[in-house]
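Residue-level listing of the chains:
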Amino acid sequence: MTDIARPEVTGFFDERTFSVQYVVADPATRRCAIIDPVLDFDEKSGATATINADRILDFVRQNGLSVEWILDTHPHADHFSAADYLKSKTGAPKAIGEHVAEVQELWKDIYGWPDFPADGSQWDHLFAEGEPFRVGDIEARVMFSPGHTLASITYVIGDAAFVHDTLFQPDFGTARADFPGGSAKRLWQSIQEILALPDATRLFTGHDYKPGGRDPAWESTVRQQKATNKHLTQAKTEEDYVRLRQERDRSLPMPKLILAALQVNIDGGRLPEPEANGRRYLKIPLDALQGAAWD
């Protein structure tokens with residue numbers, strides 16, 4: 001892969017949500033993209049903050065970078081997106097995959113929002129399957145990678161692929177597929193498409209749960225994932241993988257922020273508008289999801 005551009009990739013780990021955010025820069029032009037930024041939210045107090053996003057902005061300034069894109073891989077279920085905040089600070093366009101409209105259509109009903117515009121208009125650009133774009137002078141493209149959600153995409157930027165909730169680090173395996181609109185079968189297919197990239201492709205995941213208490217990590221390669229991913233080495237066929245994934249998903253509780261986060265994230269990272277008293281309110285539907293952990 002010596003003829004493929006190699007962007008500078010810097011990961012920012014959020015300990016509260018186990019999320020990894022990225023700044024992906026073209027070393028020649030000093031232009032960059034920010035991928036999957038986190039807006040801080042404390043579920044106990046209801047407080048919001050911009051600690052993670054401001055850390056990224058400080059990095060951008062200190063390194064003389066110019067932000068071209070603010071990219072989401074999908075509407076996240078475990079943290080709020082800081083895309084809207086970062087757009088307000090940088091002027092860079094927000095983008096996501098065009099299938100986000102399907103996720104919006106699904107969740108607008110769950111939230112009881114009949115007038116919510118489920119058309120992706122909350123972003124400045126909706127990427128189509130295979131659509132090319134650039135970060136600086138580095139060629140990039142979009143891979144549609146559903147399974148975890150209906151709208152999940154992978155950004156392939158030079159020799160780096162940002163796979164978010166498909167593959168985790170090899171010692172943790174693969175992502176869950178039991179959210180509304182998820183599919184273990186489709187996730188398997190998406191993983192196979194990612195693993196068809198050249199073996200030296202750098203893979204960057206969106207979460208790390210630090211199995212065994214190790215330090216957080218977020219980079220691997222296609223070659224490493226093929227050889228050592230704990231789920232893919234156990235399940236060699238689609239049928240075996242679907243069985244393994246569904247069995248594991250049945251044991252997992254829903255993410256603690258899913259009902260709070262999705263109503264912000266399907267709206268492009270915008271917090272609810274203030275009401276007459278100046279306060280913003282989240283709307284939590286009761287008995288909307290299965291999988292309560294009573295024990």
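Note that this is a predicted model, so its numbers are computed, not measured.

About the cut-offs
Residues numbered from 1 in each chain as written. Predicted model: local features only at pLDDT ≥ 70, side-chain atom pairs only at ≥ 80, totals over all residues. Heavy atoms only, no water. Core = buried A, V, L, I, M, F, W, Y, C linked by side-chain atoms within 4.5 Å. Buried < 20%, exposed > 50% of the residue type's maximum accessible area, 1.4 Å probe, protein only. Helix = DSSP H or I, 4+ residues; strand = E, 2+ residues; numbered from the N terminus. Contact = heavy atoms within 4.5 Å. Salt bridge = Lys/Arg side-chain N within 4 Å of Asp/Glu carboxyl O. Expected span 1.5 Å × (residues − 1). Arc of directions from axis to C-beta. 1 Å grid on protein atoms, 1.4 Å probe; cavity = no way out; pocket = protein on both sides within 12 Å on 5 of 7 lines; lining within 4 Å. Points joined across faces, edges and corners; volume = space filled by probe spheres on them. Nonpolar A, V, L, I, M, F, W, Y, C, P; charged D, E, K, R; others polar. Pairing = 2+ DSSP bridges. Right-handed = clockwise from strand over helix to strand, strands pointing away. Axes fitted to C-alpha atoms, helices over the stretch in contact; angles between N-to-C directions. Patch = residues over 30% accessible without salt bridge, like charges linked within 9 Å, V, L, I, M, F, W, Y side chains within 5 Å. Areas by Shrake-Rupley, 256 points an atom, 1.4 Å probe, with all protein chains shown as cover. Phe/Tyr/Trp six-rings, centres within 6.5 Å; stacked < 30°, edge-to-face > 60°.

Student: Describe the nonpolar core, with residues and values.
Tutor: Within the largest apolar cluster, 24 residues are counted, with the highest numbers of intra-cluster contacts made by Val23, Cys32, Leu65, Val67 and Phe80. Those elements that provide at least two residues to this core are β2 (19–25), β3 (31–35), β4 (38–42), α1 (51–62), β6 (66–71), α2 (83–90) and α7 (258–265). Per-element accounting of this core gives the leading share, five residues, to α1. If we skip the residues at most four places from it in the chain, Phe80 touches Pro37, Val38, Leu39, Phe41, Ala260, Ala261, Val264, Asn265, Leu271 and Leu282. With 22 residues, the next largest nonpolar core counts Leu71, Ala95, Ile138 and Val142 among its residues.

Student: A description of the pattern of salt bridges should follow, citing residues and the corresponding values.
Tutor: For the structure shown, the criterion picks out 21 salt bridges. When the shortest N-O distance is used, the salt bridge between Lys256 and Glu43 registers 3.2 Å. Here Glu43 lies in the loop between β4 and β5 (47–49) and Lys256 lies in the loop between α6 (238–250) and α7, a separation of 213 residues in the sequence. Look at Glu43 and you get partly exposed, because its relative accessible area is 30%. Residues Arg270 and Asp267 are paired through a salt bridge, measuring 3.1 Å at the closest nitrogen-oxygen approach. Residue classification places Asp267 among the buried residues on the basis of a relative accessible area of 17%. A network of salt bridges, in which partner residues are shared, links Arg6, Asp159 and Arg202.

Student: I'd like a rundown of helix α4 (residues 184–195), residues and numbers included.
Tutor: End to end, α4 covers 16 Å across twelve residues, agreeing with the expected 16 Å (1.5 Å per residue, within 8%). Along α4, the positions that sit buried rather than exposed are Ala184, Leu187, Trp188, Ser190, Ile191, Ile194 and Leu195. In a view along the axis of α4, the buried residues occupy a sector of 165°, so they form one face of it.

Student: Quick one: what's the story with the layout of surface pockets, residue by residue and with numbers?
Tutor: If you add up the space inside the largest pocket, you get close to 510 Å³. Lining the largest pocket are 23 residues, with Asp78, Arg176, Tyr209, Pro253 and Pro255 sitting closest to its centre. Split into classes, the residues belonging to the lining of the largest pocket amount to twelve nonpolar, four polar and seven charged. Computed from the structure, the second largest pocket encloses a volume of approximately 320 Å³. Taken together, 16 residues form the lining of the second largest pocket, with Met254, Leu259, Asp287, Leu289 and Ala292 sitting closest to its centre.

Student: Got a sec to walk through the pairing of strand β8 (residues 94–97)? Specific residues and values, please.
Tutor: Along any regular strand, the residues point their side chains to alternate faces of the sheet. For β6 and β8, the ladder comprises two bridges, and the chain directions are parallel. Residue pairing in the sheet places Ile70 in a bridge with Lys94 of β8. In this fold, β8 hands off to helix α3 (residues 100–110), which returns the chain to strand β9 (residues 125–127); that crossover is right-handed.

Student: For the sheet that holds strand β10 (residues 132–135), give the residues involved together with the corresponding values.
Tutor: Pairing in this open sheet of six strands is mixed, and the strands run β10-β11-β12-β13-β14-β15 from one edge to the other. Looking at which strands have only one partner, the edges of the open sheet turn out to be β10 and β15 (219–221). Sheet twist, expressed as the average angle between the axes of neighbouring strands with direction ignored, equals 30°. Here three bridges tie strand β12 (residues 153–157) to strand β13 (residues 160–162), and the two strands are oriented antiparallel to one another.

Student: Explain a nonpolar patch on the surface to me, using residue names and the numbers behind them.
Tutor: Among the surface-exposed residues, Leu282, Ile284 and Leu286 lie close enough to one another that they form a single nonpolar patch of about 300 Å² accessible area. Along the chain, Ile284 turns up in the segment after α7.

Student: Go over the packing of aromatic side chains, please, and point to the residues and values.
Tutor: Taken as a whole and judged by the stated rule, the model has 19 aromatic pairs. Pairing Phe18 with Tyr209 gives two aromatic rings, centres 5.4 Å apart and planes at 45°, and the pair type is tilted. One end of the pair, Phe18, is in the loop between β1 (8–14) and β2; the other, Tyr209, is in the loop between β14 (202–204) and β15, with 191 residues separating them in the sequence. The exposure class assigned to Phe18 is partly exposed, which follows from its relative accessible area of 28%. Taking the centre distance of 5.9 Å and the plane angle of 75° together, the rings of Phe127 and Tyr155 count as edge-to-face. With Phe127 in strand β9 and Tyr155 in strand β12, this residue pair connects regions lying 28 residues apart in the sequence. With respect to burial, Phe127 and Tyr155 carry one shared label: buried. Through a chain of ring-to-ring contacts, three or more aromatic side chains come together here, namely Phe18, Phe168, Phe172 and Tyr209.

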